[in-house]
Amino acid sequence: MRRLFALVAAAAVAAVLTPAAAHAEPGVPADDGNRAWSLRPGTPEGKPDKRTHYTLQGIPGAAVEEKVLVTNSSKVPASFVIYGTDAFNTSTGAFDLLPAAQKPTDIGSWMQFQAPTITIDAGATVVVPFKVVVPANATPGDHAGGVVVSSPPAPT
C-alpha cells in the first residue's frame, strides 16, 4: 500500500540580530544588524524550480531526497538554523507550523539535514540537501510539515 505525505516550505524573513557595526572595512558594507533570507524548493541539480512546495510520496521505510535553496539577502555573511517541523490547521483554518520550542512528532521528525546550521555569504544562495525517511509504522494519508530556516537567537 502506498502512503502519501506532503511537505511545504516555510520561512521567517528579516529578523534583527545585532546592533549595527560602527565602522566597516573599506569596500565591505556595514553590518546594519538586519538579517533577511528566503527559501524555495530546488531541482535534483540544485537549481530553482517552479514548485512552491514539496509533494512527496513514499511507502513505509522509504527515504526521499530533496533539496532546498536558501538565500541570504543580508548585507553580511550570516548563519541560520535549519530543521523540519510538523504543520497543522489553526482554529480559523489557516495553515501553520509548530513553534520552534515544540518538538515535531510526525513528518517534521522524519526530516534529516546534514547539519543543524548553515552559513551563507551575503547575497549568496546555497543548496541544502535533506532526506525524509518514512518510518515503518507511518500511518497512511497526508502528513504536512515544513522546512524552517531561522536566525539563531542572539547571544545573551
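A quick note: this is a predicted structure, and the numbers were derived from the prediction, not measured. Think of each chain on its own: its residues are numbered from 1, step by step along the sequence as written. The predicted nature of this model means local features are confined to residues of pLDDT at least 70 and side-chain atom pairs, given and counted, to a pLDDT of 80 or more, with totals for whole chains, interfaces and linings taken over all residues. As a convention, hydrogens and water are excluded, and side-chain values are obtained from all of the structure's heavy atoms.

1. Topic: the overall build of the chain
For the purposes of this entry, the term helix denotes a DSSP run of H or I that reaches at least four residues, the term strand denotes a run of E that reaches at least two, and both are numbered from the N terminus. Check the secondary structure of the chain and you find one helix and twelve strands. Ordered by position from N to C terminus, the α and β elements of the chain give β-β-β-β-β-β-β-β-α-β-β-β-β. Burial classification: accessible surface area is computed with a 1.4 Å probe over protein chains only, and a residue below 20% of its type maximum counts as buried, one above 50% as exposed, and the rest as partly exposed. Within the chain, buried positions represent 35% of all 156 residues. The contact definition used throughout considers only heavy atoms, calling two residues in contact when any of these lie within 4.5 Å. Across the chain, the fraction of contacts at a sequence separation of at least 24, relative to all contacts at a separation of at least 6, is 71%. Within the structure as shown, the chain displays about 8,900 Å² of accessible surface, and the carbon and sulfur contribution to it stands at 57%. Computed by Shrake-Rupley with a 1.4 Å probe, the accessible areas treat only the displayed protein chains as cover when residues are assessed.

2. Details of the pattern of salt bridges
Salt bridge, as applied in this entry: a Lys or Arg side-chain nitrogen positioned within 4 Å of an Asp or Glu carboxyl oxygen. One pass over the full model with this rule turns up three salt bridges. As a salt-bridge pair, Lys75 and Asp32 come within 3.7 Å of each other at their nearest N and O atoms. Here the residue Lys75 occupies a position in the loop between β6 (63-72) and β7 (78-89), and Asp32 occupies one in the loop between β2 (15-16) and β3 (34-35), the gap between them amounting to 43 residues. The partner of Arg51 in a salt bridge is Glu66, with the nearest N and O atoms 2.9 Å apart. Here Arg51, found in the loop between β4 (37-42) and β5 (54-58), pairs with Glu66, found in strand β6; they are 15 residues apart in sequence, far enough to count as distant. Relative accessible area serves as the criterion here: at 29%, Arg51 is assigned to the partly exposed category.

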